[in-house]
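Take a look at the letters that make up each chain.
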Amino acid sequence: MHRLFLSEDCIAENTVAITGSLIHRLRNVLRLGAGDHIVVLDNSGWEYEVELRTTGRNRLEGVVTNKALAAGEPRTRITLYQALLKGSSFEMVLQKCTEIGVMSFVPMVCERCVAGEPTSNRLSRWGNIIVEAAQQSRRGKLPVLHSLVQFKEACEIGAGASILPWEGEGVRGVGDVLRSLPRAEDAPEISIFVGPEGGFSVGEVQYAQSWGITPVSLGKRILRAETAGLVAATVTLYEFGELDGSA
Ligand code: SAH
């Protein structure tokens with residue numbers, strides 16, 4: 001069934017009204033009409049099954065036939081602090097990490113960043129990529145895309161247990177560090193810091209450590225910057241039991 005994030009005000013009691021650019025997609029691309037069912041999400045964690053009733057050129061209306069908590073949200077709240085990357089690599093990070101279950105993204109500027117600051121066009125494309133990936137992967141909430149921060153600022157705001165995958169780390173493996181964290185919390189919070197193509201400088205790694213951020217190894221292979229966040233997020237969700245069918 002097609003899934004769609006809508007703004008809260010589109011859903012009132014048990015009716016849903018869709019206007020604007022989504023109509024073209026539903027009517028002409030997906031060829032949905034009266035009697036068809038879609039799933040609507042309002043970013044609250046709930047999902048609504050909706051039967052379309054009227055499908056006009058400017059307005060689609062439907063009635064809610066079922067309401068349930070979206071199953072796609074992990075309890076573990078991961079924030080990925082990702083250094084800006086060249087070309088479309090940052091988009092790949094947003095797409096793949098939304099699929100796996102990252103809760104929020106913080107783009108950051110690091111010493112060795114070569115990519116420039118994103119334009120407003122690019123930022124809106126990033127937002128669309130997150131929405132599409134969240135719909136496709138059956139998330140119940142849209143991951144939040146925060147505004148750009150400098151690396152030092154990122155270190156100061158990182159919440160929960162914080163790890164920094166670093167290819168120079170020879171002792172601490174990511175699994176050991178994650179397994180050593182306390183497990184009592186209902187919704188553990190983890191911050192993951194990933195560097196740019198050229199990696200973090202030693203000074204940055206030391207600065208992060210001074211803020212209690214732990215450098216960890218992701219193994220002996222050097223991963224591309226756009227791969228490292230996905231791998232670290234995946235291992236984290238696995239260690240917290242979020243990749244089981246029943247989770
Ligand atoms: N230019 C560096 C590699 C940077 S890889 C070099 O050739 O040595 C980009 C980012 O991915 C790094 O900043 C780090 O956060 C992460 N990363 C890649 N491979 C890793 C590994 N084996 N262990 C931990 N982090 C890794």
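Residues numbered from 1 in each chain as written. Predicted model: local features only at pLDDT ≥ 70, side-chain atom pairs only at ≥ 80, totals over all residues. Heavy atoms only, no water.

Novice: Which residues make up the site of the ligand, and what values do they have?
Specialist: In the vicinity of the ligand lie 19 residues, with Pro165, Leu218, Gly219, Arg221 and Leu223 positioned nearest. Gly219 has a polar backbone atom sitting 2.9 Å from a nitrogen atom of the ligand. Leu223 has a polar backbone atom sitting 2.9 Å from a nitrogen atom of the ligand. For the ligand, the protein covers 84% of the area, taking 560 Å² as the surface of the free molecule. When its residues are assigned to classes, the shell around the ligand shows 11 nonpolar, 5 polar and 3 charged. (Near = heavy atom within 4 Å. Polar contact = N/O pair within 3.5 Å; in protein donor to acceptor, adjacent residues only side chain to side chain. Areas by Shrake-Rupley, 256 points an atom, 1.4 Å probe, with all protein chains shown as cover. Nonpolar A, V, L, I, M, F, W, Y, C, P; charged D, E, K, R; others polar.)

Novice: Which residues make up the packing of aromatic side chains, and what values do they have?
Specialist: Considering all chains together, one arrives at 3 aromatic pairs under this definition. Seen in terms of ring centroids, Tyr81 and Phe193 are 4.5 Å apart; in terms of plane orientation they differ by 5°. Their pairing is stacked. Placement of the pair is Tyr81 in strand 7 (residues 77–83) and Phe193 in strand 12 (residues 189–194), with a sequence separation of 112 residues. The pair Tyr81 / Phe193 is uniform in exposure class, with both members buried. With a centroid separation of 4.3 Å and an interplanar angle of 15°, the aromatic rings of Phe90 and Trp126 are classed as stacked. Linking Phe90 in helix 2 (residues 89–100) with Trp126 in helix 3 (residues 120–136), this pair joins segments that are 36 residues apart in sequence. A residue is classified by how much of its surface remains accessible, and Trp126, at 2% relative accessible area, is buried. (Phe/Tyr/Trp six-rings, centres within 6.5 Å; stacked < 30°, edge-to-face > 60°. Helix = DSSP H or I, 4+ residues; strand = E, 2+ residues; numbered from the N terminus. Buried < 20%, exposed > 50% of the residue type's maximum accessible area, 1.4 Å probe, protein only.)

Novice: Help me get a handle on the domain arrangement of the protein, residues and values and all.
Specialist: Many analyses report the size of an interface as the accessible area lost when the parts associate. Segmentation of the protein into domains returns domain 1 (3–69) and domain 2 (77–239). Centre-to-centre, using C-alpha coordinates, domain 1 lies 33 Å away from domain 2. Each partner contributes residues to the interface: domain 1 has 8 residues there, and domain 2 has 8 residues. The largest share of the area that domain 1 buries against domain 2 comes from Arg3, Phe5 and Asn43, three residues that together contribute 74% of it. At the boundary of domain 1 and domain 2, one finds 0 salt bridges. Here domain 1 and domain 2 share 2 residue pairs in polar contact (both at pLDDT 80 or more) between them. (Domains from an automatic or database assignment. Contact = heavy atoms within 4.5 Å. Buried area = accessible area lost by both parts, 1.4 Å probe. Salt bridge = Lys/Arg side-chain N within 4 Å of Asp/Glu carboxyl O.)

Novice: Hey, could you go over helix 3 for me, with residue numbers and the actual values?
Specialist: Relative to the 24 Å expected for 17 residues at 1.5 Å per residue, helix 3 spans 24 Å between its end C-alpha atoms, a close match to the ideal helical length. The complete set of buried residues in helix 3 reads Trp126, Ile129, Ile130, Ala133, Ala134 and Gln135. Of the surrounding elements, those touching the buried residues of helix 3 are strand 1 (2–5), helix 1 (22–29), helix 2, strand 8 (104–109) and strand 9 (144–145). Arg138 sits one or two residues past helix 3 and shows a positive phi near 65°. (Expected span 1.5 Å × (residues − 1).)

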